[in-house]
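Chain residues, written in single-letter form:
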Amino acid sequence: FILEKVYQKPYEQILKEVITEPLGMSDGGYDMEKLNGRLLETKLVSRKATTYYGPTNQKIGYKGIYPAYMYAAGGYFASVNDMASWAIGLDKGILFPPTFLDTMLLGQDSIKNKLSDFNRVGWIVSATTNKIQYVGHPGGPALGEILRFPKEGYTVIVLSNDGELLPNLALAVAGFYIKGLTDKPAITKFKRTGSL
């Protein structure tokens with residue numbers, strides 16, 4: 001809402017002009033339903049996959065509801081190509097100077113004399129057991145997971161439509177590429193209870 005007030009444009013348009021177009025991200029978009037008479041309408045998102053979970057061997061599709069008042073906080077769909085363009089754009093300093101990005105991604109503030117577990121953009125700051133630092137954010141239960149290893153120069157992006165996958169896959173994938181990364185998390189799922 002603050003950005004829309006400053007730019008005098010809808011958030012989706014700001015995102016497109018300021019971030020996705022400069023970074024060459026052309027596949028993504030919001031899937032927000034709007035009521036038009038008795039029908040729900042939504043924009044088409046190229047190659048969008050259905051999210052599912054499986055209480056038994058049967059897979060059940062489900063849809064997250066992202067109403068207009070919270071669309072900046074969720075509901076954006078992107079492709080692997082888009083996310084790779086985003087990571088490369090961060091590495092090349094297209095949107096932010098690298099020093100500013102380091103301050104935001106690696107900087108942690110103190111809360112009551114205790115260092116926050118989150119960086120200045122709300123991502124988790126963590127380190128593996130052998131002190132390899134990374135920052136990242138899981139979206140949903142691992143519907144979209146991003147881990148950046150700044151010193152090693154890697155970004156691992158996992159996109160999934162499995163609504164039960166817990167966010168450990170990106171760290172497991174990183175282990176194939178980052179020398180000395182000893183953490184081997186189990187790829188686990190949780191089970192939904194009750195009906196959606």
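Residues numbered from 1 in each chain as written. Predicted model: local features only at pLDDT ≥ 70, side-chain atom pairs only at ≥ 80, totals over all residues. Heavy atoms only, no water.

Draft legend 1. Region of interest: the pattern of salt bridges. If you walk through the whole model with that rule in mind, you get four salt bridges. Note that Lys16 and Glu21 form a salt bridge whose closest N and O atoms lie 4.0 Å from each other. (Salt bridge = Lys/Arg side-chain N within 4 Å of Asp/Glu carboxyl O.)

Draft legend 2. Here's a closer look at the side chain of Asn119. Within the secondary structure, Asn119 is located in the loop between strand S8 (114–115) and strand S9 (124–127). A polar atom in the side chain of Asn119 sits 2.9 Å from the backbone oxygen of Leu105. Here Gly122 takes part through its backbone nitrogen, which lies 3.1 Å from a polar atom of the side chain of Asn119. Excluding anything up to four places from it in sequence, Asn119 contacts Met104, Leu105, Gly107, Val125 and Val135. (Helix = DSSP H or I, 4+ residues; strand = E, 2+ residues; numbered from the N terminus. Polar contact = N/O pair within 3.5 Å; in protein donor to acceptor, adjacent residues only side chain to side chain. Contact = heavy atoms within 4.5 Å.)

Draft legend 3. Main features of unusual backbone geometry. A positive phi is found at Gln8, a non-glycine position, where the angle reads about 60°. Tracing the sequence through the fold places Gln8 in the loop between helix H1 (2–7) and helix H2 (11–20). In this structure Gln8 comes out as exposed when scored by relative accessible area, which is 63%. (Buried < 20%, exposed > 50% of the residue type's maximum accessible area, 1.4 Å probe, protein only.)

Draft legend 4. Representation of the nonpolar core in the model. In terms of nonpolar packing, the biggest core is built from 12 residues, these being Leu23, Met25, Met83, Trp86, Ala87, Leu90, Leu101, Leu105, Trp123, Val125, Val135 and Ile146. Counting residues per element, the ones that place at least two in this core are helix H3 (80–92) and helix H4 (98–106). The leading source of residues in this core is H3, at four residues. Apart from the residues within four sequence positions on either side, Met25 is in contact with Thr20, Asp82, Ser85 and Trp86. Listed in part, the 11 residues of the second largest apolar core include Ile132, Leu147, Ala170 and Ala174. (Core = buried A, V, L, I, M, F, W, Y, C linked by side-chain atoms within 4.5 Å.)

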